[in-house]
Amino acid sequence: MIMRTKLMKTFPKRIAAAGLIAGAVLAAGALSQPAMASTGGVSTPHMQKWSFGGVFGRFDRAQLKRGLQVYREVCSACHGLKRVAFRTLSQPGGPELSEDVVKELAAEYEIKDGPDDEGEMYDRPGTLKDYFPSTYPNDKAARAANNGALPPDLSIITKARGYHRGFPGWFLDLFTGYQEAGADYVHALLTGYEEEPPEGFHLVDGMSYNHYFGGNQIGMPPPLSDELVEYEDGTKATVDQMAKDVTAFLMWTAEPTLEQRKRLGFQVFLFVLLLSGMLYFTTKRLWHGVKH
Amino acid sequence: MSGHASFEPTNKIVKWFEDRLPVLGLAHASFVAFPTPRNLNYWWTFGGILFFFLLVQIITGIILAMHYVPHEALAFDSTEHILRDVNYGWLLRYLHSNGASMFFLAVYIHIFRGLYYGSFKGPREILWIIGVVIYVLMMAAGFLGYVLPWGQMSFWAATVITNLFSAFPIVGEPIVQWLWGGFSVGQPTLNRFFSFHYLVPLLLYVFVILHVWALHVVGNNNPTGVSVKKDQDTLPFHPYYTIKDSYAIVAFLLIYFWFVFFNPNQLGHPDNYIPADALVTPPHIVPEWYFLPFYAILRAVPDKLGGVLLMFGALAVLAVLPWLDRSKARSLTYRPLMKGFFWIFAVDAVLLGWLGSQPAEGIFVTLSRLATAYYFAHFLIILPLVSKFEVPRPRPASIMDAVLEKSGDADEAKS
Amino acid sequence: MTTNDAVDEKRRDFLYIATGAVAAVGAGLACWPLIDQMNPDATVKALASIEVDLSPVELGQSITVVWRGKPVFVRHRTEEDIKAAEAVDVATLRDPQSDKDRVQKPEWLVMVGICTHLGCIPKGQKVGDDRGDYNGWFCPCHGSHYDTAGRIRKGPAPLNLVVPPYEFLTDEKIKIG
């Protein structure tokens, strides 16, 4: 009888322990997963230091301006930015160009408008209210011009991309607020080209080898090379620098309210902390002396 | 049942009104004087938290509907428009999308609390079953809402979930076409899903009222599982639990706002920022995190119909729970063996969730099958057998006795 | 009741009131986004002012542009139009306003083209339109006649056609709004 009660007592603990061990084994299996994946050919992007990361993250205005320049001089040859209105370039929380500069910039673009009084469509210079015109009139034209590959619109590309974070990664992200997986991926992709594919890798004609693109074959030829653009602020235009700048710019285009969100969030957090503290003491005081 | 002050209006106008429609008295009896066990712990605050999130979802949802356009060519653009151009649109959208996650987080805690303390056992069977209905409706609302932004994940979630019904022989195909309003997921599907997404929360609201009603008929369970026997066992709901619940809600807001302001897309999937494309399926389609355990069960079965039936069965088994647990004691505090199995079940549920997020191949399939088998074994074998044979530890005579014992004033209990 | 208890009670009351006040402030602030979201959004505001190039509008011609969803009449007035508008004795008008109060440059008249009676769009922009008794505009709905300065001269409308805020950016370009 004594034996039995003892067993009854320890049994639940034992099962729980067995469960925990099983969980730990599985977690370890999950841990080793990214390592296995990397031998498959596609590498995991490295985490970069972004000025817009973290609770107090802000965009670096100069970087956004440089990124805008890279987009305009390089990426826009194939990629659109159709969700970005010129007016937003002068709004707070973005590149914050002066309105006059943005007007000039917008006027450099031809916007299709119409129909006019004769029923014809016509081109006119862009104004603040217009959006970056897409490079191609439609997806089919884009594919036809690019060897069958479709250059995606870049407006929200940094939110529409990411990479597999693996087990401890995604769990820790919940607490660190890591939201830059898309930016890290875009930066890695832009800097991840290899002129010669590894031996034994069959690269289809017209494709390029990239460490970070799924399947390692990408239709986009290496878009950046050193000194491709000339920065007005004297920053040295290395491939890595340009990749970082344009990625930061594309993070802003994807999330133009990021700064407003984080600033308001901080204020709200302080307020809720205050209120929950007060409610804690109110509850404590109310229940003081009440047996429960 | 009362024992606490009832509502007696002194104001003449209030009295005149009360004699004709006693709504204030009802509110007073339900949310002010309502006798509530004095020993409820913080796990009991999740009912209030859930009600708060229901309101948040309804308010932000009604607002989003003012700016959202349920058209296949405009849905994605209008969602982006909300995020970019509408005043505080980004805030309202992130409140709504993360609110859904918080709603489910809170409901899972609420359900597991019910499982642990035996809140499903008599006389609370109907209360529990209404709760299961609410949970199913929540899942429907969550799924329908996820489709609306019309990104890649939205589109393929709609395709995959509606295709579940094609598993049924003969009637399957016609049902799926009827759901779609076409031969594939398209404009009619999106438009009706928008309408349903507005309808389901109304049903939800009705069932929540029934849930609260049923609760107020039978009263709260409590950590001891011992029924309320005398007035001493209870406290009036207000101010004791209104204040405590408020504190819990505001504290929970910290988690919510962490996601909304600093981590708004963590619980979503990047692919849903790619507009829907009927010709390309994303390489890994995964549902939102709160569906993952059921998704794992669906995929664990190599047979299409079998998987669908098992998945729905995993929900249905919850509804018959009151008749599977035959123990005399409610709370697992007094059932050490069952308590151990409860925690294994909790680990199993989390494990299923994790497996649901993994690709359906290799070791994951095997593990999914084992975890699924255990899920059903827990309810259909372990629970009935253990509850029949385990002798519960002695329980306190009353709630007050338990409270006094805890505070070391056992003598007072006798006086 | 001892003094200690009284102090304690005071402190407790203060805590309750302060907590309630902070919660009420929070609830109030939380309402603002719910209200503000119905105000015109950024895309609407972007269209709140428009720039109009006047160079293609020839003498005697009128154009209609859309500003904030409303038609705006821009007329390149002739010498006779201006003279006729200036010759009127302001005291006799229903809505007394001199011509020079209604224009920035006499040859350009810019007005919101909505009849001040009940919101119809007056005729008079197109060649061949009925311009009414005063060679300005004529509202077909209820027969209001406007002169070459857009002032109400006859019919039920109470006020002159509204002049929107605008400025000349250059000699041939105006910004409305």
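If you're wondering where the values come from, they're calculated on a predicted model, not measured in any experiment.

A.B. asks: Mind showing me how you'd approach the interface of chain B and chain A here?
C.D. replies: Frequently, the measure chosen for interface size is the accessible area removed from exposure when the parts meet. At the interface, 59 residues of chain B touch 53 residues of chain A. Between chain B and chain A the total buried area reaches about 4800 Å² when both faces are included, carbon and sulfur atoms providing 70% of it. Our count for the contact surface shared by chain B and chain A stands at 2 salt bridges. In this structure, Arg 83 of chain A and Asp 77 of chain B form a salt bridge, with 2.7 Å as the shortest nitrogen-oxygen distance. For the side of chain B that touches chain A, the element with the highest residue contribution is helix H10 (residues 237-262) of chain B, accounting for 17 residues. A class-by-class count of the residues in the side of chain B that touches chain A yields 40 nonpolar, 8 polar and 11 charged.

A.B. asks: For this particular structure, what's the right way to read the sheet that holds strand S2 (residues 62-67) of chain C?
C.D. replies: Adjacent strands of a sheet form backbone hydrogen bonds with each other and so pair up, either parallel or antiparallel. All names here are of chain C. Pairing is antiparallel in the open sheet, where 3 strands are placed in the order S2-S3-S4. Whereas interior strands pair on both sides, the edge strands pair on one side only; in this sheet they are S2 and strand S4 (108-112). Between one strand and the next, the sheet's axes are offset by a mean angle of 20 degrees, whatever the strand orientation. Direction of pairing for S2 relative to strand S3 (residues 70-76): antiparallel, over a ladder of 6 bridges. When the sheet's bridge partners are listed, Trp 67 is paired in S3 with Lys 70.

A.B. asks: What should I look at first to understand the state of the cysteines in this one?
C.D. replies: Considering all chains together, one arrives at 1 disulfide over all chains under this definition. The disulfide partner of Cys 120 of chain C is Cys 141 of chain C, and the gap between their sulfur atoms is 2.1 Å. Measuring handedness by torsion sign, the sulfur bridge of Cys 120 of chain C and Cys 141 of chain C sits at about -100 degrees and is left-handed. One end of the pair, Cys 120 of chain C, is in the loop between S4 and strand S5 (137-139); the other, Cys 141 of chain C, is in the loop between S5 and strand S6 (144-146), with 21 residues separating them in the sequence. Of the cysteine sulfurs around Cys 75 of chain A, a residue in no disulfide, the closest is that of Cys 78 of chain A, at 9.3 Å. For Cys 78 of chain A, a relative accessible area of 28% translates into the label partly exposed.

A.B. asks: When you look at the packing of helix H12 (residues 304-319) of chain B against helix H15 (residues 363-389) of chain B in this model, what are you seeing that I'm missing?
C.D. replies: Between two packed helices, what matters for the description is the angle formed by their axes and the separation of those axes. All names here are of chain B. Across the interface, H12 lies against H15 with an axial gap of 11 Å and an inter-helix angle of 25 degrees. Between H12 and H15, the angle is such that the two are roughly parallel. The handedness of the crossing between H12 and H15 comes out as left-handed. On H15, the residues that touch Leu 310, Gly 313, Ala 314, Val 317 and Leu 318 of H12 are Thr 372, Tyr 375, Phe 376, Phe 379 and Leu 380.

A.B. asks: Is there a simple way to explain the environment of Leu 159 of chain C in this structure?
C.D. replies: With respect to the helices, strands and loops of the structure, Leu 159 of chain C is situated in the loop between strand S7 (152-154) and strand S8 (166-170). Setting aside residues no more than four positions away along its own chain, Leu 159 of chain C makes contact with Asp 95, Thr 116, Tyr 146 and Ile 152 of chain C.

A.B. asks: For this particular structure, what's the right way to read a negative patch on the surface?
C.D. replies: Residue and element names in this part refer to chain C. A surface patch of like charges, here negative, comprises Glu 79, Glu 80, Glu 86 and Glu 107. Summarising the element assignment, Glu 107 is placed in the loop between helix H4 (99-102) and S4. Looking at Glu 107, the relative accessible area reads 31%, which means it is partly exposed.

A.B. asks: Looking at this model, I keep getting lost on the domain arrangement of chain B. Mind explaining?
C.D. replies: According to the domain assignment, chain B consists of domain 1 (1-33) and domain 2 (43-287). Look at where the C-alpha atoms of domain 1 of chain B and domain 2 of chain B centre, and you get two points 34 Å apart.

A.B. asks: Can you help me understand the nonpolar core in this one?
C.D. replies: Side chains that are nonpolar tend, in soluble globular proteins, to be buried together. Residues and elements named next belong to chain B. Tyr 135, Tyr 256, Phe 294, Tyr 375 and Phe 379 are the most contacted members of the largest nonpolar core, which has 136 residues in total. Ranked by the residues each element gives to this core, the list is headed by H10, at 17 residues. If near-sequence neighbours (up to four positions away) are discounted, Tyr 256 is found in contact with Phe 53, Val 56, Leu 95, His 96, Asn 98, Gly 99 and Met 102.

A.B. asks: So what exactly am I meant to see when it comes to the confidence of the model for chain B here?
C.D. replies: Note that predicted coordinates carrying low pLDDT should not be read in detail. Residues and elements named next belong to chain B. For chain B, the mean per-residue pLDDT works out to 94, and 97% of the residues sit at or above 70. Taken element by element, the predicted model of chain B shows its lowest mean pLDDT in helix H17 (residues 410-414) (49) and its highest in helix H5 (residues 89-117) (98). Interface confidence for the predicted complex, expressed as ipTM, amounts to 0.91; the pTM equals 0.88.

A.B. asks: What is the right way to look at the pairing of S4 of chain C in this model?
C.D. replies: Walk down a regular strand and you will see the side chains alternate between the two sheet faces. Residues and elements named next belong to chain C. Burial analysis of S4 places 5 of its 5 residues in the buried class, the great majority of the element. A two-sided burial pattern is seen for S4, the buried positions comprising Trp 108, Val 110 and Val 112 on one face and Leu 109 and Met 111 on the other. Sheet analysis places S3 next to S4, joined by 5 bridges and oriented antiparallel. Within S4, the position partnered with Arg 75 by the bridge is Leu 109.

A.B. asks: Honestly, the sheet that holds strand S3 (residues 193-194) of chain A in this entry has me stumped. Any pointers?
C.D. replies: The strand order across the open sheet built from 3 strands is S3-S4-S5 (chain A), with neighbouring strands paired in antiparallel fashion. Only two strands of the sheet have a single partner each, and these edge strands are S3 and strand S5 (217-218) of chain A.

Rules and cut-offs
- Residues numbered from 1 in each chain as written.
- Chains lettered and ligands numbered in written order.
- Predicted model: local features only at pLDDT ≥ 70, side-chain atom pairs only at ≥ 80, totals over all residues.
- Heavy atoms only, no water.
- Contact = heavy atoms within 4.5 Å.
- Buried area = accessible area lost by both parts, 1.4 Å probe.
- Salt bridge = Lys/Arg side-chain N within 4 Å of Asp/Glu carboxyl O.
- Helix = DSSP H or I, 4+ residues; strand = E, 2+ residues; numbered from the N terminus.
- Nonpolar A, V, L, I, M, F, W, Y, C, P; charged D, E, K, R; others polar.
- Pairing = 2+ DSSP bridges.
- Axes fitted to C-alpha atoms, helices over the stretch in contact; angles between N-to-C directions.
- Disulfide = S-S within 2.5 Å.
- Buried < 20%, exposed > 50% of the residue type's maximum accessible area, 1.4 Å probe, protein only.
- Parallel < 35°, antiparallel > 145°, perpendicular 65-115°, else oblique.
- Left-handed = near helix turned anticlockwise from the far one by under 90°.
- Patch = residues over 30% accessible without salt bridge, like charges linked within 9 Å, V, L, I, M, F, W, Y side chains within 5 Å.
- Areas by Shrake-Rupley, 256 points an atom, 1.4 Å probe, with all protein chains shown as cover.
- Lys, Arg positive; Asp, Glu negative; His and termini not counted.
- Charge placed at Lys NZ, Arg CZ, Asp CG, Glu CD.
- Domains from an automatic or database assignment.
- Core = buried A, V, L, I, M, F, W, Y, C linked by side-chain atoms within 4.5 Å.
- pLDDT = per-residue confidence, 0-100.

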